[in-house]
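# Secondary and tertiary structure notes
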Amino acid sequence: MPKIVILDETTANQIAAGEVVERPASVVKELVENSLDAGASTISVEIEQGGLTRIVVRDNGCGMDEEDAQLALLRHATSKIRGPADLSRITTLGFRGEALPSIAAVSKLTLKTRTATADRGTFLEVEGGKVINSGPAALAPGTIVTVENLFYNTPARKKYMKSPGTEGGVVGDYVFRLALARPEVAIRFTHNRRQVFASLGTGKLLDVIASFYGSELARQMLPVEDCSGDWLQIKGYAGRLTLHRSNRRQVTVLINGRYVYSSLVTMAVCEAYHTLLPAGRYPVAVISLSVAPELLDVNVHPAKLEVRLAREREVSEAVTRAVRKALMGNRLVIPGAVLREHEPDLREEPLPRVPRFFPPEAGRQQVLFPDHPPHSLPPTGSEGYVAEAAPVYDHAGPSFPAVEYLGQLMPTYLLATGPDGLYIIDQHAAHERVLYEKYLAALAGPGAASQMLVLPVNVFLTHREARLLEAHREFLASLGFVLDFFSQDTVVVRGLPPDFPPGEGESYLRDIIGYLDEPGRSPSREDLVHHLAAQAACRAAIKAGEGLSGAEARSLLEQLAAAGNPFTCPHGRPTIIHVSHHELAQRFKRS
Ligand code: ADP
Ligand code: MG
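To start, this report covers the structure provided alongside it.

Cut-offs and rules
Residues numbered from 1 in each chain as written. Chains lettered and ligands numbered in written order. Predicted model: local features only at pLDDT ≥ 70, side-chain atom pairs only at ≥ 80, totals over all residues. Heavy atoms only, no water. Phe/Tyr/Trp six-rings, centres within 6.5 Å; stacked < 30°, edge-to-face > 60°. Lys NZ or Arg CZ within 6 Å of the ring centre and 35° of its normal. Buried < 20%, exposed > 50% of the residue type's maximum accessible area, 1.4 Å probe, protein only. Helix = DSSP H or I, 4+ residues; strand = E, 2+ residues; numbered from the N terminus. Pairing = 2+ DSSP bridges. Axes fitted to C-alpha atoms, helices over the stretch in contact; angles between N-to-C directions. Near = heavy atom within 4 Å. Polar contact = N/O pair within 3.5 Å; in protein donor to acceptor, adjacent residues only side chain to side chain. Nonpolar A, V, L, I, M, F, W, Y, C, P; charged D, E, K, R; others polar. Parallel < 35°, antiparallel > 145°, perpendicular 65-115°, else oblique. Contact = heavy atoms within 4.5 Å. Salt bridge = Lys/Arg side-chain N within 4 Å of Asp/Glu carboxyl O.

A full pass over the atoms with the stated rule returns 11 aromatic pairs. Here the aromatic cluster, defined as three or more aromatic residues joined through ring pairs, consists of Phe176, Phe189, Phe197, Phe212 and Tyr213. Sitting over the face of the ring of tryptophan 231, arginine 311 holds its NZ or CZ atom 3.8 Å from the ring centroid.

Moving on, we get to the pairing of strand β23 (residues 490-496). The buried fraction of β23 amounts to 6 of the 7 residues, a majority that puts the element mostly inside the structure. Bridge count for strand β21 (residues 451-460) against β23 is 6 bridges, and the pairing is antiparallel. For phenylalanine 460, the partnering residue across the bridge sits in β23 and is threonine 490. Here strand β22 (residues 482-485) runs beside β23; their pairing, made up of 4 bridges, is antiparallel. Paired with leucine 483 across the bridge in β23 is valine 493.

Quick look at the sheet that holds β23 now. Spatially, 3 strands are ordered β21-β23-β22 in an open sheet, and the strand pairing comes out antiparallel. With one partner strand each, in any of the chains shown, β21 and β22 form the two edges of the open sheet. Pairwise comparison of adjacent strand axes, ignoring direction, gives a mean angle of 20° for this sheet.

Turning next to the site of ligand 1. Not every one of the 19 residues close to ligand 1 is listed here, only the nearest: Asn34, Thr78, Ser79, Lys80 and Gly97. Within the side chain of threonine 78, an N or O atom sits 2.6 Å from an oxygen atom of ligand 1. The separation between a nitrogen atom of ligand 1 and a polar side-chain atom of threonine 143 is 3.3 Å. With 3 residues, helix α4 (residues 99-105) is the single largest residue contributor to the shell around ligand 1. Of the residues that constitute the shell around ligand 1, the class distribution is 8 nonpolar, 7 polar and 4 charged.

This brings us to the packing of helix α13 (residues 463-471) against helix α15 (residues 505-516). Angle between the axes and distance between the axes: these two values describe a pair of packed helices. It is the contact of α13 with α15, at a shortest axis distance of 10 Å, that shows an interaxial angle of 90°. With respect to α15, the element α13 is oriented roughly perpendicular. Touching Glu465, Leu468 and Leu469 of α13 are Leu509, Arg510, Ile512, Ile513 and Leu516, all from α15.

On to the pattern of salt bridges. The final tally for this structure, using the stated rule, is 25 salt bridges. Put simply, glutamate 46 and arginine 58 hold a salt bridge, and the shortest N to O gap is 3.3 Å. Here glutamate 46 is found in strand β1 (residues 42-48), whereas its partner arginine 58 is found in strand β2 (residues 54-59), with 12 residues between them in sequence. One network of salt bridges, with partners in common, ties together Asp173, Arg177, Arg249, Arg464 and Asp517.

With that settled, the discussion passes to the environment of serine 450. Tracing the sequence through the fold places serine 450 in the loop between α12 (427-443) and β21. On the basis of relative accessible area, serine 450 is assigned to the partly exposed category, the value being 30%. Put simply, serine 450 and valine 482 are 32 residues apart on the chain and 7.4 Å apart in space, counted from C-alpha to C-alpha. A polar contact of 2.8 Å, which involves the side chain of serine 450, links it to the backbone oxygen of glycine 480.

Below, the structure is given as structure tokens:
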């Protein structure tokens, strides 16, 4: 049996670092939280190369004297709690006394600090957890922590770091969230000497939102306010229904001034938008809860990102109610146009299955509706029309039946007669299929064909989103996107893949970001192209509830018949179903 030994301090700190210090963003989070706990009113965060080479956090907080500065680097050294009783009423962001020694164990860390009453400061230089230099330092009251060469002595961890652009983007997201949690503190973030954003410290949440997302987006945020219960207060901002994103990342949750991941609260926010946003789209929101400290357990996660909340159900219901109220209270936010965007509820649809019609005559080549003139559908453009005489049944698999249009059954069905009975076509699904194939062809086209926009579109992105797009700029160019990247995270769309509706440049970028930003996704060209074409088709397709003229309906049916796979929409739901004469006879009790 090997002998048991107690690990030395350095090893123990490296192990703790494994939990607390996952990437540059976690270092920044811990350091900024320390600055906030120190009562700072201004904090500056500067990073280089995504924080991998250098991170500097400066504050004008209370600082430390020489003795405390040395203690601060020891494990479980904290000024914030004294014993177990304090754990149940934590009001500071930190309390574990682990951050500084953990960071120092995996980097070269320099701490410079001075209290307001001292006439000079102290500095300590630590490498791999060992103090290598110390002495007096000249600085204004406050603290400056510099972290260099993160993970230089833990190559296994270093290997997992993403590109500096990606890491820097994650840092920016964190700093923004911390700034949201403390609107009264001015926080500035600089990456490679370029200022990414700066909150002003006005105390107004909306000002922080504007400093990050831009004032354009901030104008579309509706205030959420609810203090009905004495134990729970809800405040924040929820985006108008027109402001949706393809993942939940832009729902930020703050609890007692702490930025946390709370799927409970995030889901409750999304629930308020349920049926108001198109399927698969998520809101932008910042929700800040205040609860009595006894109701919140923050000691469940080493980086304190996850928390446990008592009275979960009540909290969740109150959040949904408060956000709903904000959305509904403002009549302007639910115009018909938005409601029409709402897709049919997936859960009510039957599972995708093989269409159950194989009409006997369908194998023959037929010209559909030869006596009707070509007619274009609103978003399709006349080029979407399929030449009527072309033999369209040359694809493998069952052929599309020759049908004759009868009329529209609101909200979304087209009725037609055809071989052996009645055919019912879902107009949205059918048009989605047609557009999807058209967009797919445009994206797969030779070289980088583009349609240049008469009016280039400015898209305001977060730092992280812009870096994400920039990292894939060549790939996007190969699809036909002509993009200019500017500082300040504005991307200008100058050109789009051919055939894509030109008015939707921003939506395409957001779709791509949403796709690239899914955690754990390794993007493949085929996958992204499918996603992009499907999203664009869904958006441009005629919606349920739209009236179609006879000519429009016929044109749609023709285009569907000419599609490579006319039987399902890009999400796999059927576009057409068949009710046979036999089935009708049975239902009328004729057989
Ligand atoms: P914790 O925040 O959990 O107490 P840390 O390792 O992050 O543990 O910090 C240890 C201690 O160092 C803190 O409790 C605080 O007293 C002191 N400290 C750290 N950063 C600062 C700062 N920026 N200003 C003043 N004091 C600080
Ligand atoms: Mg701390």
